Amino acid sequence: MNAPHPVLACAAAIEAALGEVADIEPAFMRTSEKADALLALARLEVQLSALRLRIMAAADDVAVDAGARDVASWLAHETQASPQACRAEQHLAVALNARWARLGTAVAGGSVNLLQARVIAGALDELPGDLDPELLVQAEQHLVTAAGEYRPDQLRVLGRRILDVIAPEAGEAEEAKQLAREEERALETASLTLTRRGDGTTRLTGLLPDAAAVRLATYLDAFTSPRQQAAPTPQHRARGQAFVALLEHLDPTKLPMHGGDATTVMVTIDRDALTRDLATAGLVGVDDKITAAQARRLACAAQILPVVLGGKSEILDLGRTRRHFSPAQRKALRLRDQRCRGENCTIPAPWCEAHHWRPWSKDGKTNLADGVLLCSHHHHRAHDPRYSTERMPNGDIRFHRRT
């Protein structure tokens, strides 16, 4: 009987060794032993991955024999792994085998992990095709050595500026070219997906260019003020609420034309329902509803078009944006109120929304006497049927929970 191939024998030995420690309880290990084990296993994991990549780079015949498109497709099918992840590993395997031998040796020795290797190989691939081969060798050696000190994200920055280290005269111009290519790719791959969850919420999943993401974070953070919060709010929840507020503050008249008119959200509601707390309104164009209280609140702050319906759904009143406070009125409200007029609230005026003290649905007027500034929290509460409101002598609004 022929002896197994050394690689297969190695795999069998590792599997057997793992079986021997499967029942070991790590809690009984000494602290120093746990530390040593974690580091040793991390190195071994990298070395095992490097061995697998070396075999992938030479396994075209496996794909041919199985009729698969490539070895990545075959491996993903056989192991139920992500095809995208397997393809990325195949790409790295080919790069380490065919072009970046020094990097491949470092990965095989466990001194560079796969995330670092992917970043380094990507940075080297981005270097000019006409670069002096000696400079290319220097770049590879420098990044491989740097992997001993830097994380993948730090290596990405270093890789982008590697020519500043090995060839300063060419570094700045090449970095600009790399950034331009990166920005172009980022814009091409930008995506946004909205998935209804069926419970009143929609999951938003997106991929944005870094510059756009920074702008979005800046805009969202303008709606949050940790210093003003009664209790700390996790950042992801604060930004989610801020995103809702941002949408409500967009001016549709400044958006592209949509369907022959400036982008507008129309809400339909029966005249009788408009004055009731426990009633619903429909969003035109989608099979969704909101509460009448939400419709009244949006009519104060957001540029919606309220369509009031009578019997048999005939249109009685088609709201117009004149029901919203004008920019001049908002400035006057900010000058007068200075802050949210919710009792004891200190949110500054620029972060507040203009609210009709007497709702337009009940013949309220869009004027300064009927206007008051409220932060997003108190504006929601003003339209929440669970609360009643009382205007104090100083102009503040006190909220009472209905019993």
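Preceding this section is the structure that the text describes.
Predicted model only: the values in this text are computed from it and were never measured. Residue numbers restart at each chain and count upward from 1, following the sequence in its written direction. Owing to the predicted nature of the model, reporting of local features is limited to residues with pLDDT of at least 70; listing and counting of side-chain atom pairs is limited to 80 or more, with chain, interface and lining totals taken over all residues. Excluding hydrogens and water, the side-chain values take into account all heavy atoms of the structure.

(A) Broad picture of the overall build of the chain. Across its full length, the chain holds 17 helices and 13 strands. When accessible area is computed with a 1.4 Å probe and restricted to protein chains, residues below 20% of their type maximum are described as buried, those above 50% as exposed, and intermediate ones as partly exposed. A buried classification covers 33% of the 403 residues belonging to the chain. Across the chain, the fraction of contacts at a sequence separation of at least 24, relative to all contacts at a separation of at least 6, is 48%. By definition, any uninterrupted DSSP run of H or I lasting at least four residues is a helix, any uninterrupted run of E lasting at least two residues is a strand, and each is numbered from the N terminus. It only takes one pair of heavy atoms within 4.5 Å for two residues to be counted as in contact.

(B) How the structure looks around unusual backbone geometry. The phi angle at Gln-80 is positive, at roughly 60°, despite the residue not being glycine. Gln-80 sits in the exposed class, given a relative accessible area of 69%. A positive phi angle, close to 70°, is found at Gln-338, a residue other than glycine. Considering the arrangement of structural elements, one finds Gln-338 in the loop between α16 (327-337) and β10 (353-356).

(C) Geometry of the pattern of salt bridges. A carboxyl oxygen of Asp or Glu within 4 Å of a side-chain nitrogen of Lys or Arg is what we treat as a salt bridge. One pass over the structure, following the stated rule, counts 14 salt bridges. In this structure, Arg-239 engages Asp-221 in a salt bridge whose closest nitrogen and oxygen atoms are separated by 3.1 Å. Remark: Asp-221 occurs in helix α12 (residues 210-221) and Arg-239 occurs in helix α13 (residues 235-249); sequence separation between them is 18 residues. Overall, the relative accessible area of 26% leaves Arg-239 in the partly exposed class. Here the residues in one salt-bridge network are Arg-336, Asp-337, Arg-339, Arg-341 and Asp-396, joined through shared partners.

(D) Representation of the nonpolar core in the model. Counting residues in each nonpolar core, the largest one holds 42 residues, and the members touching the most others are Leu-103, Val-107, Val-112, Ile-120 and Leu-127. For this core, the secondary-structure elements that each account for two or more residues are α2 (31-57), α4 (71-79), α5 (83-98), α6 (101-108), α7 (114-125), α8 (133-146), α9 (152-160) and α10 (162-166). Take this core: its biggest share by element is 7 residues, from α7. With sequence-adjacent residues up to four places away left out, Ile-120 is seen in contact with Leu-103, Val-112, Leu-143, Val-144, Ala-147 and Leu-155. Side-chain atoms within 4.5 Å are what join buried Ala, Val, Leu, Ile, Met, Phe, Trp, Tyr and Cys residues into a set we call a nonpolar core.

(E) Spotlight on the side chain of Glu-140. The residue Glu-140 is located in helix α8 in this model. The contact partners of Glu-140, leaving out residues within four places of it in the chain, are Trp-100, Ala-101, Arg-102, Leu-103 and Leu-124.

(F) Layout of the packing of aromatic side chains. Aromatic pairs are defined between Phe, Tyr and Trp rings, using the six-membered ring for Trp, whenever the two ring centres lie within 6.5 Å; interplanar angles under 30 degrees are classed as stacked, those over 60 as edge-to-face, and all others as tilted. Overall, the coordinates contain 0 aromatic pairs when judged by the stated rule. A positively charged side chain is recorded as over a ring if its NZ (Lys) or CZ (Arg) lies within 6 Å of the ring centre. The angle to the ring normal must also be within 35 degrees. Over the ring of Tyr-387 we find Arg-381; its NZ or CZ atom is 4.2 Å from the centre of that ring.

(G) Main features of the environment of Leu-194. Along the polypeptide, Leu-194 turns up in strand β1 (residues 191-196). We classify Leu-194 as exposed; its relative accessible area is 60%.

(H) Here's a closer look at α16. Burial in α16 covers these residues: Gln-329, Leu-333 and Asp-337. Burial along α16 is one-sided: seen end-on, the buried residues are contained in an arc of 50°. Counted as exposed and oriented over 90 degrees from the buried face of α16: Pro-327, Ala-328, Lys-331 and Leu-335. Buried residues along α16 sit against β10 and β11 (371-374). Backbone geometry just downstream of α16 places Gln-338 in the positive-phi region, at approximately 70°. The directions from the helix axis to the C-beta atoms form the arc being described.

(I) Quick look at the pairing of β1. Little of β1 is tucked away, with 0 of its 6 residues classed as buried. Here, any two strands with at least 2 DSSP bridges between them count as paired. Examined bridge by bridge, β1 and strand β2 (residues 202-207) share 6 bridges and lie antiparallel to one another. Among the inter-strand pairings, Leu-194 is bridged to a residue of β2, identified as Leu-204. The antiparallel hairpin formed by β1 and β2 contains 5 residues in its connecting segment, where Gly-198 sits at a positive phi of about 80°.

Just distances and angles here, no functional claims.
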